[in-house]
Amino acid sequence: MFRGLRGRLVAALLLTSTVTLAVAAFLLLSPLESRLRRDEIEGISAQLRADRPLLTKLATRDLQPRSPALRRMTKTLKISADAEIVILASGGGVLAATDLDRGETFPEAQAALRDHRTVRRVLVAGSVTVAHVAIPVTVHRTRVAVVAVRRLDDASAAVAVVRRAFLGAAAISLVIALALGLLLASRLAQRLRALRDTALRVAELGPVVEMGADASRDEVGDLTRALVTMQDRLRRQEQARLSFVATASHELRTPLSSLRVMLDLLRDDLDRALPDLDDARQQVARADQQAERLAGLAGDLLDLSRLDAGIPIRSERVDLAELVRAVVAEFELRARETGHELVLDGPASAWARADPGAVAQIVRILLDNAVRHGPRDAAIVLSVGRDDADRGCAWVAVGDAGPPIAASEHARIFERFERGPATGDAPGFGLGLAIGRELAGRMDGELELEDGDHASFRLTLPLAPIADD
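An account of the accompanying structure is given in this report. This is a predicted model, so every value here is computed, not measured.

Parameters and conventions
- Residues numbered from 1 in each chain as written.
- Predicted model: local features only at pLDDT ≥ 70, side-chain atom pairs only at ≥ 80, totals over all residues.
- Heavy atoms only, no water.
- Patch = residues over 30% accessible without salt bridge, like charges linked within 9 Å, V, L, I, M, F, W, Y side chains within 5 Å.
- Areas by Shrake-Rupley, 256 points an atom, 1.4 Å probe, with all protein chains shown as cover.
- Salt bridge = Lys/Arg side-chain N within 4 Å of Asp/Glu carboxyl O.
- Helix = DSSP H or I, 4+ residues; strand = E, 2+ residues; numbered from the N terminus.
- Core = buried A, V, L, I, M, F, W, Y, C linked by side-chain atoms within 4.5 Å.
- Buried < 20%, exposed > 50% of the residue type's maximum accessible area, 1.4 Å probe, protein only.
- Pairing = 2+ DSSP bridges.
- Axes fitted to C-alpha atoms, helices over the stretch in contact; angles between N-to-C directions.
- Contact = heavy atoms within 4.5 Å.
- Parallel < 35°, antiparallel > 145°, perpendicular 65-115°, else oblique.
- Left-handed = near helix turned anticlockwise from the far one by under 90°.
- Phe/Tyr/Trp six-rings, centres within 6.5 Å; stacked < 30°, edge-to-face > 60°.
- Lys NZ or Arg CZ within 6 Å of the ring centre and 35° of its normal.
- Expected span 1.5 Å × (residues − 1).
- Bend = angle between axes of the 7 residues up to and from the residue.
- Polar contact = N/O pair within 3.5 Å; in protein donor to acceptor, adjacent residues only side chain to side chain.

## Regarding a nonpolar patch on the surface
A grouping of L15, V19, V23, F26 and L27 is seen on the molecular surface, where their side chains present a nonpolar patch of about 510 Å² in accessible area. Along the chain, L15 turns up in helix α1 (residues 4-56).

## Remarks on the nonpolar core
If you look at the biggest cluster of nonpolar residues, it comprises 43 residues, and the most contacted ones within it are L320, V359 and L367. Here this core gets 10 residues from one element, more than from any other, and that element is helix α8 (residues 356-373). Ranked by size, the runner-up nonpolar core spans 25 residues in total, among them L70, M73, A83 and A96.

## Topic: the sheet that holds strand β4 (residues 128-139)
Strand pairs in the sheet, formed through backbone hydrogen bonds, run parallel or antiparallel to each other. Strand order in this open sheet of five strands is β2-β1-β5-β4-β3, and the pairing throughout is antiparallel. At either margin of the open sheet sits one strand with a lone partner, and together these are β2 (94-97) and β3 (119-125). Strand-to-strand twist across the sheet, computed as the mean angle between neighbouring axes with direction ignored, equals 20 degrees. Inspection of the sheet shows β4 paired to strand β5 (residues 142-151) by 10 bridges, in the antiparallel sense. Bridged to P136 within β5 is A145. Against the sheet, helix α2 (residues 68-81) contacts β1 (84-89), β2 and β5, and its axis sits at roughly 135 degrees relative to β1.

## Section: the environment of D264
Within the element layout of this structure, D264 appears in helix α5 (residues 219-271). Sequence spacing of D264 and Q283 is 19 residues, and the spatial spacing of their C-alpha atoms is 9.6 Å.

## Here we look at the pairing of β3
Each regular strand carries side chains that alternate between the two faces of the sheet. Inspection of the sheet shows β3 paired to β4 by seven bridges, in the antiparallel sense. Bridging across to β4, A125 finds its partner in V128. Counting the residues that bridge the hairpin from β3 to β4 gives two residues, and of these G126 lies at a positive phi of roughly 65 degrees.

## A short note on the environment of G441
The topology assignment puts G441 in helix α9 (residues 432-442). Look at G441 and you get partly exposed, because its relative accessible area is 41%. Between the C-alpha atoms of G441 and T460, which are 19 residues apart in sequence, the distance is 9.8 Å.

## Overview of the pairing of strand β9 (residues 379-387)
Two strands pair when backbone bridges link them, and strand β7 (residues 341-345) and β9 are joined in this way by five bridges, in the parallel orientation. Within the sheet, the bridge partner assigned to L342 lies in β9 and is I380. Bridge count between β9 and strand β10 (residues 393-399): seven bridges; the pairing is antiparallel. Within the sheet, the bridge partner assigned to G385 lies in β10 and is W395.

## Structural notes on the sheet that holds strand β12 (residues 456-462)
Overall, mixed pairing links the five strands, which are arranged β7-β9-β10-β12-β11 in an open sheet. Either end of the sheet is taken by a strand with one partner, and the two such strands are β7 and β11 (446-449). Neighbour to neighbour, the strand axes of the sheet diverge by 15 degrees on average, direction disregarded. Here helix α7 (residues 320-337) sits on the sheet and contacts β7, β9, β10 and β12; the angle it forms with β7, its principal contact strand, is near 170 degrees. Contacts between α9 and the sheet are confined to β11 and β12, with β11 contributing the most and set at about 135 degrees to the helix.

## What to know about the packing of α7 against α8
When two helices pack together, their arrangement is given by the angle between the helix axes and the distance between those axes. Contact pair α7 / α8: the axes reach a minimum separation of 10 Å and the direction vectors enclose 40 degrees. As judged from the angle between their axes, α7 and α8 are oblique. The hand of the α7/α8 crossing is right-handed. Where α7 abuts α8, its residues L320, L323, V324, V327, V328, E330, F331 and R334 lie against P356, V359, A360, V363, R364, L367, D368, V371 and R372.

## Re the packing of aromatic side chains
Taken as a whole and judged by the stated rule, the model has zero aromatic pairs. One residue, R317, lies across the ring of W351, its end atom 4.3 Å from the ring centre. Lying over the aromatic face of W395, R458 brings its terminal NZ or CZ to 4.1 Å of the ring centre.

## Topic: the environment of P136
Turning to its location among the elements, P136 is positioned in strand β4. A sequence separation of 87 residues divides P136 from R49, and the C-alpha atoms of the two residues are 9.4 Å apart. Ignoring any residue separated from it by four or fewer positions in sequence, one finds P136 in contact with R52, A112, L113, H116, R117, T118, R143 and V144.

## Describing α7
Since there are 3.6 residues in each turn of an α-helix, residues three or four apart along the chain are aligned in direction. Compared with an ideal rise of 1.5 Å per residue, which puts 18 residues at 26 Å, α7 spans 26 Å between its outermost C-alpha atoms and is within 8% of the ideal. The largest bend in α7 comes to about 45 degrees, at F331. When α7 is considered as a whole, its buried residues turn out to be L320, A321, L323, V324, V327, V328, F331 and A335. Between the side-chain oxygen at the start of α7 and the backbone nitrogen of A321 there is a gap of 3.3 Å, and the oxygen is on D319. Looking one or two residues beyond α7, the residue adopting positive phi is G339, at roughly 80 degrees.

## Re the pattern of salt bridges
As enumerated under the stated definition, the model contains 16 salt bridges in all. Across the salt bridge formed by R314 and E316, the nearest N and O atoms sit 3.4 Å from each other. The salt bridge partner of R314 is D355, with a shortest N-O separation of 3.9 Å. One end of the pair, R314, is in the loop between α6 (277-309) and β6 (316-319); the other, D355, is in the loop between β8 (351-354) and α8, with 41 residues separating them in the sequence. Owing to a relative accessible area of 9%, D355 belongs among the buried residues under this scheme. Here the salt bridges share partners, and the residues they tie into one network are E42, R49 and R120.

See below:
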């Protein structure tokens with residue numbers, strides 16, 4: 001019965017309930033009877049002290065054995081204290097008693113007279129417990145002792161009633177605990193089995209398996225939601241991988257096929273008696289372009305592998321303005337070929353704390369996207385600046401005259417192997433912006449898409465301390 005998580009939870013609940021009830025019984029029932037007896041004896045003592053003035057009103061002649069007044073007084077005290085009453089003289093002789101067993105002695109009476117205090121004594125004979133309470137009383141300079149005798153059956157009866165009630169309540173509590181434990185454990189085991197079955201289906205069929213969300217606000221619900229998030233990411237990664245494989249296959253097939261054709265044509269030209277050198281040069285140039293595309297893909301994949309491997313990058317003072325000017329110089333020839341004008345706007349220097357190689361790579365990615373996808377014969381503006389407010393930052397922005405990217409695409413275009421809708425059939429693998437954002441994050445910076453009327457990307461980096469300037 002107690003195999004598995006369900007049985008163990010029920011067993012743990014029952015054991016906890018049983019131990020709790022046992023401790024409660026020990027702490028409650030064990031001292032209860034002694035407390036009730038102590039309270040009962042204290043009640044007798046208090047009542048005798050309260051009735052002491054009645055005895056002081058007796059005359060001296062009434063303190064004689066078989067005195068009618070003394071017998072009436074003992075009956076009154078018996079009713080008041082709800083106990084048998086014995087009045088003894090200072091010498092130990094019995095003056096009056098409501099019920100006296102032959103041969104019974106009352107040493108507590110002598111102790112009360114001797115010590116001038118209330119004396120209590122409890123006698124236990126088998127299952128019978130009797131309490132003796134003696135108090136000293138002075139009547140017209142004559143000292144006597146009043147002893148109250150009562151059986152303490154009420155305390156035992158009360159404890160027996162409480163014990164029966166407690167045991168009944170404990171039995172009901174255990175039954176309820178068992179029912180609730182079975183219900184909760186069954187529900188928990190059912191939810192965990194559902195998670196296990198889903199995990200097995202995912203292992204068998206892949207991340208395409210749908211996993212239902214658990215709305216419960218507990219640890220199992222959190223685990224289910226975490227698995228749903230993980231599955232969603234795995235599904236997106238799998239879709240990105242499939243998209244990359246398809247894109248890479250297409251992109252690789254095109255330059256490789258072109259290279260083979262060009263090399264075949266070049267071989268044919270060189271095999272002729274009079275080779276066409278101009279055509280051969282054109283074939284070599286086109287082959288070089290295709291090889292450059294393949295080299296770019298290999299470079300992007302290498303960059304991604306380095307980022308995934310967690311290779312550390314440098315952190316030093318970098319003049320963003322000077323670095324951007326150097327990158328712009330690299331793209332000037334290519335920009336002129338596509339009719340773009342590169343405009344650099346900003347101060348003479350803007351110092352940031354970053355890796356110069358990584359910053360240059362990000363700027364190259366942004367410029368390459370602007371040149372390839374921006375409107376032809378339009379300006380590409382590169383802005384550099386610094387913001388000294390709060391913690392401070394330095395930034396580089398690259399924008400073109402192209403239409404703004406839809407808000408729904410802002411996050412997606414930074415994913416690996418994702419390409420914006422405006423790229424069309426232009427060659428590319430959707431890796432540049434993903435590499436740029438990861439590099440920016442590794443430098444405690446951020447690469448984001450700015451809101452505006454045109455496409456503009458902004459790289460933000462930590463500002464170099466002023467003390468270093």
